[in-house]
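Chain by chain, the residues run as shown.
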Amino acid sequence: MLIACPYCGPRDVGEFTYQGDANRKRPDPASPAGAEWERYVYDRTNAAGEHREYWQHSGGCRAHLVVTRNTVTHAISSVTLVRGDDA
Amino acid sequence: MAEYSVFSLLKNSFSGNRDWKPAWRKPDPKPEYDVVIVGGGGHGLSTAYYLAKEHGLTNVAVLEKGWLGSGNIGRNTTIVRSNYLLPENSRFYEHSMKLWEGLSHDLNYNVMFSQRGILNLAHTPGQLDDFARRGNAMRHEGIDAELVVGAEAVGRMVPGLDVSANARFPIVGGLMQPRAGTARHDAVAWGYARAADRRGVDILENCEVTGFLREGDRVVGVTTTRGDIRARKVAVAVAGSTGRVVKLAGVDEMPIESHVLQAFVSESLKPVLHTVVTFGAGHLYASQSDKGGLVFGGDIDGYNSYAQRGNLPVVEDVASEFVAMFPGFSRVRLLRSWGGIMDMSMDGSPIITTGPLPGMYLNCGWCYGGFKATPASGWCFAHTIARDEPHALSAAFTLDRFRRGILIDEKGVGATPRLH
């Protein structure tokens, strides 16, 4: 699997660290504990298909990335920087 | 179908072994069952068997989308153990171990359960202290555990292991569970299938579930590639496909992530590795099959995946750990590698529960360790389905433990599935 880092170009997956599902939305920190927090901490869409996820180019430029990858084929359709990601 | 015995062997050998009957029938789906089990893997088949044997429910179908044994029951590294620290886990897995010990007789099928022991290696004094604690916790629960102190003692147990002070991670001891071992994984699927079939369970292969029949909130059956099948109760035991299958029922989120785990087998060698050995400075577990191949595996690849294949960094990682432990194996050639999809739960422990919808029952979240749990998982899931309440041994494994904050986190890494 190759991930095309916006700064470094296509690099081997071994240079990257997976940082999990990017679909989750952190609730307002001031909101009380409850269903919303439980969902954020424990529940995942676990999609079979397109999946937005965080990676870090830890063995390279150390940039934090949002990768859209197909979990069935491992094909990557987009790689962007976390900075400026407002989805 | 005839009982397998030395007499049936003799009788069939005189007739040139031409009269053996298939081990299970290939029935057509009936329009309705009491219980439909989605997933014809180890857990689904053992659930069907114990439903029939322990609860008298025989109007049961097991639906398998491919052929029997094509999923994780045929893809694991065959290790059976019950060396857990937390009481919820150790009691459950010890019950499984006891079922394993009588399984071949119970099923009238040789699952080749071999109690060759498992040795977890310790590489630091702190790790050895931790093993002493775990061993004591196990013995407290009546499980066998022996602390092995010193590299020399380890070296006597596992010839070929690098126990020198020059090893990359010098070994200081280990924790041994002598009753642990391995079993022939395909035989477990075939044995449960045959035993369930003999009690009247229909095993429907090439029958993929495409949706759930609903009456209001309630699940009342499934639509499949072989037609609609109604059922009073629908049980789902589909391991890595849990996310996909529950979505068909309209459940979009679960405390599960699917990850790919690779496994490896080498060319056949003469007997050289007599126990199951695990590396303590990384993550590697290895044993030798009866056929002679070294069977081993390590970490999951670490990113969400439904592809039953992995990538090279993990292959390299696992191989380097194996060679660090056994320098003599560096010239052994790899025969095959493959991947299976793990249903990694948020606390590393399984889920056996009623729900998430009325009429539905769910068995998932087995992470790395589904194979050894096969008998107890079926035992407890069958109880849950038949009585609509959890079995005492799986009462802690319900789905609502996340909401209630009562996690069973053996490794203590929190809600990070890729680290369990």
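This text follows the structure it describes.
Note that this is a predicted model, so its numbers are computed, not measured.

(A) Spatial organisation of the overall build of chain B. Helix and strand content of chain B: 11 helices and 18 strands. With the C-alpha coordinates aligned to their principal axes, the bounding extent of chain B is approximately 65 × 60 × 40 Å. Across the 420 residues that make up chain B, the buried fraction comes to 57%. Considering only contacts in chain B between residues 6 or more positions apart, those separated by 24 or more positions represent 74%. Separation of charge centres in chain B, based on 44 positive and 43 negative side chains, amounts to 4 Å.

(B) Here's a closer look at the pairing of strand S15 (residues 293-304) of chain B. All names here are of chain B. In terms of burial, S15 is a largely internal element, 11 of the 12 residues being buried. Bridge count between strand S12 (residues 256-268) and S15: 6 bridges; the pairing is antiparallel. Note that in S15 the partner of Val-265 across the bridge is Val-295. With 4 bridges joining them, strand S14 (residues 284-288) and S15 adopt antiparallel strand pairing. From the neighbouring strand, Tyr-285 faces S15, where its bridge partner is Gly-297. Where S14 hands over to S15, the hairpin turn is made up of 4 residues, of which Gly-292 adopts a positive phi near 110 degrees.

(C) Representation of the pattern of salt bridges within the structure. Residues and elements named next belong to chain B. Within this structure, the stated rule accounts for 26 salt bridges over all chains. When the shortest N-O distance is used, the salt bridge between Arg-25 and Asp-202 registers 3.1 Å. Placement of Arg-25 in the loop between helix H1 (6-14) and strand S1 (32-38) and of Asp-202 in strand S8 (residues 202-204) is noted, with a sequence separation of 177 residues between them. Take Arg-25: its relative accessible area is 35%, and that puts it in the partly exposed class. Taking the relative accessible area as the measure of exposure, Asp-202 reaches 5% and is therefore buried. Residue Asp-106 is joined to Lys-53 by a salt bridge in which the shortest nitrogen-to-oxygen separation is 3.2 Å.

(D) Summary view of the interface of chain B and chain A. With 26 residues of chain B at the interface, the matching set in chain A holds 25 residues. Buried area between chain B and chain A, summed over both chains or domains, comes out near 2,200 Å², and the portion from carbon and sulfur atoms is 50%. Connecting chain B to chain A are 2 salt bridges. The residue Glu-257 of chain B makes a salt bridge to Arg-44 of chain A at a minimum N-O spacing of 3.2 Å. The tally of links from chain B across to chain A stands at 14 residue pairs in polar contact (both at pLDDT 80 or more). Elements represented by at least two residues in the side of chain B that touches chain A include exactly helix H8 (242-248), S12, S15 and helix H11 (401-404) of chain B.

(E) Structural detail: helix H1 (residues 35-42) of chain A. Regarding H1 of chain A, the residues found buried are Trp-37, Tyr-40 and Tyr-42 of chain A. At its buried positions, H1 of chain A is contacted by H11 of chain B.

(F) Looking closely at the packing of helix H2 (residues 42-55) of chain B against helix H7 (residues 185-198) of chain B. Residues and elements named next belong to chain B. In the contact formed by H2 and H7, the axes pass within 9 Å of each other and the chain directions differ by 30 degrees. Here H2 lies roughly parallel to H7, going by the angle between them. In this structure, H2 crosses over H7, and the sense of that crossing is left-handed. Across the interface between the two elements, Leu-45, Ser-46, Ala-48, Tyr-49 and Tyr-50 from H2 touch Ala-189, Tyr-192, Ala-193, Ala-195 and Ala-196 from H7. Looking at the contact of H2 with H7 residue by residue, the class counts come to 9 nonpolar, 1 polar and no charged.

(G) Focus on the packing of helix H3 (residues 87-101) of chain B against helix H10 (residues 370-387) of chain B. All names here are of chain B. Where H3 contacts H10, the axes come no closer than 8 Å and their chain directions differ by 95 degrees. By the angle between their axes, H3 is roughly perpendicular relative to H10. Facing Phe-92, Tyr-93, His-95, Ser-96, Leu-99 and Trp-100 of H3, the residues of H10 in contact are Phe-371, Lys-372, Ala-373, Thr-374, Pro-375, Ala-376, Ser-377, Trp-379 and Cys-380. For the contact of H3 with H10, the per-class residue count stands at 10 nonpolar, 4 polar and 1 charged.

(H) Geometry of the side chain of Thr-47 of chain B. Structurally, the position occupied by Thr-47 of chain B is in helix H2. Not counting residues up to four positions away in its chain, the partners in contact with Thr-47 of chain B are Ile-37, Ser-377, Gly-378, Phe-381, Ala-382 and Ile-385 of chain B.

(I) Expanded view of the packing of aromatic side chains. Taken as a whole and assessed by the stated rule, the structure comprises 22 aromatic pairs over all chains. A network of ring pairs unites the aromatic residues Tyr-84, Phe-92, Tyr-93, Trp-366 and Phe-397 of chain B as a single cluster. Sitting over the face of the ring of Tyr-40 of chain A, Arg-24 of chain A holds its NZ or CZ atom 4.7 Å from the ring centroid. The aromatic ring of Tyr-93 of chain B is capped on one face by Lys-372 of chain B, whose charged end is 5.1 Å from the ring centroid.

(J) Expanded view of the environment of Ile-351 of chain B. Residue and element names in this part refer to chain B. With respect to the helices and strands, Ile-351 occurs in strand S17 (residues 351-354). C-alpha of Ile-351 to C-alpha of Gln-115: the two residues are 236 residues apart in sequence and 27 Å apart in space. Look past the residues within four positions of Ile-351 in its chain and what remains in contact with it is Pro-255, Ile-256, Leu-362, Asn-363, Cys-364, Gly-365, Phe-397, Leu-399, Arg-401 and Phe-402.

(K) Seen up close, the environment of Ala-324 of chain B. Residue and element names in this part refer to chain B. Mapped onto the elements, Ala-324 comes out in helix H9 (residues 312-325). The exposure class of Ala-324 is partly exposed, given its relative accessible area of 27%. Along the chain, Ala-324 and Gly-66 lie 258 residues apart, while their C-alpha atoms are 38 Å from each other. Ignoring anything within four residues of it in the chain, the contact list for Ala-324 reads Asp-162 and Arg-168.

Procedures and definitions
- Residues numbered from 1 in each chain as written.
- Chains lettered and ligands numbered in written order.
- Predicted model: local features only at pLDDT ≥ 70, side-chain atom pairs only at ≥ 80, totals over all residues.
- Heavy atoms only, no water.
- Helix = DSSP H or I, 4+ residues; strand = E, 2+ residues; numbered from the N terminus.
- Buried < 20%, exposed > 50% of the residue type's maximum accessible area, 1.4 Å probe, protein only.
- Contact = heavy atoms within 4.5 Å.
- Lys, Arg positive; Asp, Glu negative; His and termini not counted.
- Charge placed at Lys NZ, Arg CZ, Asp CG, Glu CD.
- Pairing = 2+ DSSP bridges.
- Salt bridge = Lys/Arg side-chain N within 4 Å of Asp/Glu carboxyl O.
- Buried area = accessible area lost by both parts, 1.4 Å probe.
- Polar contact = N/O pair within 3.5 Å; in protein donor to acceptor, adjacent residues only side chain to side chain.
- Axes fitted to C-alpha atoms, helices over the stretch in contact; angles between N-to-C directions.
- Parallel < 35°, antiparallel > 145°, perpendicular 65-115°, else oblique.
- Left-handed = near helix turned anticlockwise from the far one by under 90°.
- Nonpolar A, V, L, I, M, F, W, Y, C, P; charged D, E, K, R; others polar.
- Phe/Tyr/Trp six-rings, centres within 6.5 Å; stacked < 30°, edge-to-face > 60°.
- Lys NZ or Arg CZ within 6 Å of the ring centre and 35° of its normal.

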